[in-house]
Amino acid sequence: RIFGDVPKCLVRLARVQDLCEVRVQALAALADLASSEKGAMVVAEIGALPLCVSLLQSSEEEIREEAFRVLHCVREKGEVF
């Protein structure tokens, strides 16, 4: 387990409905993690992609942008799609 439980915790934080800034920061951290090949695979394996796809429909622009960045990084670095 190369990154321990950190990626899963970030996904849990990104699911927090009430705190927009927490979600944005968690998504930003996931995107940063996904910027490497190993990180992209971890992000994909922990189930972050379906969450990010659903967050593309968020009413908060920052959430949409970070969710898109996660998906883009995984697509660029990982061979998931």
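Description of the structure in this document. If you're wondering where the values come from, they're calculated on a predicted model, not measured in any experiment.

Description of the pattern of salt bridges
Piece 1. Applying the stated criterion across every chain, the model contains 2 salt bridges.
Piece 2. Close ionic contact of Arg-69 with Asp-32 constitutes a salt bridge, the shortest N to O distance being 3.2 Å. Taken together, the residues span a long stretch of sequence, with Arg-69 in helix α5 (residues 61-77) and Asp-32 in helix α2 (residues 20-33) at a distance of 37 residues.
Piece 3. For Asp-32, a relative accessible area of 47% gives the class partly exposed.
Piece 4. Residue Glu-66 pairs with Arg-69 through a salt bridge whose shortest N-O separation is 2.9 Å. Of this pair, Glu-66 and Arg-69 are both found in helix α5, 3 residues apart, which corresponds to roughly one turn of the helix.
Piece 5. Glu-66 sits in the buried class, given a relative accessible area of 17%.
Piece 6. The partly exposed category is assigned to Arg-69, whose relative accessible area is 30%.
Piece 7. Each of the salt bridges in this network shares a partner with another, and the network as a whole consists of Asp-32, Glu-66 and Arg-69.

Rules and cut-offs
- Residues numbered from 1 in each chain as written.
- Predicted model: local features only at pLDDT ≥ 70, side-chain atom pairs only at ≥ 80, totals over all residues.
- Heavy atoms only, no water.
- Salt bridge = Lys/Arg side-chain N within 4 Å of Asp/Glu carboxyl O.
- Helix = DSSP H or I, 4+ residues; strand = E, 2+ residues; numbered from the N terminus.
- Buried < 20%, exposed > 50% of the residue type's maximum accessible area, 1.4 Å probe, protein only.

By themselves these figures say nothing about function.
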